[in-house]
Amino acid sequence: MALSQTVKCRTAESAGKLSKHLIKLGSGMGKSYPGHLFLKLGSLNCVNYLASKLGIGSIIITGTNGKTTSTKITILLLAKDAKLTYNYESNTINAIVTGLLTSKVDLGVFEYGIRDIEHAIPDTVCKIVDPVGVVYTNISREHSQVSGRKNPFKEYLKAKQLLSTPMKRGVVICNADDPRTTYIGKNKEQDTKVTYYGLDIDLEDKTPLTGDVFCPICGENLVYSKRYLNHRGIYECTDCGFNRPEPDIKLTKLILENDIWWVTLNGEIYNYPTDKNLPIDLKVPLPAFGIHNLYNLLCAVTTYISFTPNPENIKNTISETCESLDLSILPPGRFEIFKVKNKWIGMGQGDNGDALKANIQFMESYLGEEINGNTAFIYTTPDEGEDEIFEDHYSSLSSFKPVMVHVIPGRESIEAAKNYYEIIKKSLPADFYPLPYEEMDKRIDKIRELVKESTSKYIIVSGCGPEDYMWGNLKSRCKSQKKRS
Ligand SMILES: [Zn+2]
């Protein structure tokens, strides 16, 4: 790097660090601002300079669902063994750079949401941050429209893939049970080490897929011999032979014990800092939090083992972290199951087809088959132009067959919600409440009223809606009702 360039980067670094310090003192600037300032004073190349100061390097975690939870658990694990800088719930390069404005740390751990190529510049992020790890949770359809522009699934998948495309060292971590992340991994095997994680348990998702799953290579329909959660399972393309790889680490046993789940992890994982393969054989307790979160845990454990500089700690670190894990680690909109008077309520965000389905499956695994044919569903719809998300939701609703579907707009368009309702009522008993987005309190009150007046013993409230503004508020108000009762 030329001297003038180095000076520029150092100046940007000092200004960025100073603003980060001021934010800590509570000056009210956003958490992305120091990164923004750094990029304004320096250049994209200066990010490279910052990134090169990390002892081991950066890890970037992306995917459709479970990014935040996987990132948080990864941070809890790695922080026990190494000095970290991190952030989660971030979708911009500014947030990552803010994290990199730090001194003397071993690893950077960053969640990075990618909706489309234009907004996320995934390949640029990879080039300038130069990560030693890119981690994929899962990929399913969402954001079929971004800022008024169509975002077809193929492009959405491509955007996720680009985040690891420029990598020439380190480890790419993929979910073997997800054909889309496996496809990305298969394409990286000649450049870097690729580590796959997956389930190997008896549990099976018997409900139909929310849509056909196409082979990412040739476009034929994939055939599943077993499905764990929607499109995640054991698959094969009978046309080109693309299939689910043998995972390097597997979750081999799951014992459900009321509010504690015991899981067994087995395998052998490549550790980047020591350049060694490490055998894994562990049994740990977890909170009862659904199959989708088992994937998040497995993803985090895999990332931790791949990057801990102290492999001798692995057993203790994982055991201690899992023992102290509780539901507060999950995002505010998370699906939770609780009892109000004599009714069981499952409530929380299900923004895309995959997430809504995971919620239904969690309710079934928690309360048993009894909920089938005895559950009312309060469904909050997607927005205008999100027909593909609705299709996936509708497929889950149709196969679950609630005794009643109460339809409420989850986003801004009441017109779109009404159209979705018209489709639902053709095959399921349903009613509709056209409440505007701006009057969120009324929406929340209506949902509480519907829960209260429902004659069903089981009620699921899920679909689209803003994380805190709707789900966070709704849940806390329903639970305060629980305390008063
Ligand atoms: Zn194929």
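Everything quoted here is computed from the prediction, not taken from an experiment. (Residues numbered from 1 in each chain as written. Predicted model: local features only at pLDDT ≥ 70, side-chain atom pairs only at ≥ 80, totals over all residues. Heavy atoms only, no water.)

Thoughts on the domain arrangement of the protein
When the parts of a complex come together, some accessible area is lost, and that lost area is often used as the size of the interface.
Logical step 1: Each domain of the protein was delimited in the assignment, giving domain 1 (53–141 + 150–329) and domain 2 (336–484).
Logical step 2: Computed over C-alpha atoms only, the centres of domain 1 and domain 2 are separated by 29 Å.
Logical step 3: With 26 residues of domain 1 at the interface, the matching set in domain 2 holds 17 residues.
Logical step 4: Here domain 1 meets domain 2 over a buried area of about 1700 Å², counting both sides, of which 46% is carbon and sulfur.
Logical step 5: At the surface where domain 1 touches domain 2, the tally comes to two salt bridges.
Logical step 6: Residue K357 pairs with D205 through a salt bridge whose shortest N-O separation is 3.5 Å.
Logical step 7: There are nine residue pairs in polar contact (both at pLDDT 80 or more) connecting domain 1 and domain 2.
Logical step 8: Elements represented by at least two residues in the side of domain 1 that touches domain 2 include exactly strand 9 (223–229) and helix 10 (291–307).
Logical step 9: For the side of domain 1 that touches domain 2, the element with the most residues is strand 9, which contributes three residues.
Logical step 10: Its residues placed into classes, the side of domain 1 that touches domain 2 shows 10 nonpolar, 10 polar and six charged. (Domains from an automatic or database assignment. Contact = heavy atoms within 4.5 Å. Buried area = accessible area lost by both parts, 1.4 Å probe. Salt bridge = Lys/Arg side-chain N within 4 Å of Asp/Glu carboxyl O. Polar contact = N/O pair within 3.5 Å; in protein donor to acceptor, adjacent residues only side chain to side chain. Helix = DSSP H or I, 4+ residues; strand = E, 2+ residues; numbered from the N terminus. Nonpolar A, V, L, I, M, F, W, Y, C, P; charged D, E, K, R; others polar.)

Topic: the layout of surface pockets
Logical step 1: In this structure, the second largest pocket occupies an estimated 560 Å³ of space.
Logical step 2: Taken together, 25 residues make up the lining of the second largest pocket; nearest its centre are F153, K154, R180, D212 and F214.
Logical step 3: Only helix 8 (153–162), helix 9 (179–188), helix 12 (353–367) and helix 13 (387–400) provide two or more residues apiece to the lining of the second largest pocket.
Logical step 4: Here the lining of the second largest pocket gets five residues from one element, more than from any other, and that element is helix 8. (1 Å grid on protein atoms, 1.4 Å probe; cavity = no way out; pocket = protein on both sides within 12 Å on 5 of 7 lines; lining within 4 Å. Points joined across faces, edges and corners; volume = space filled by probe spheres on them.)

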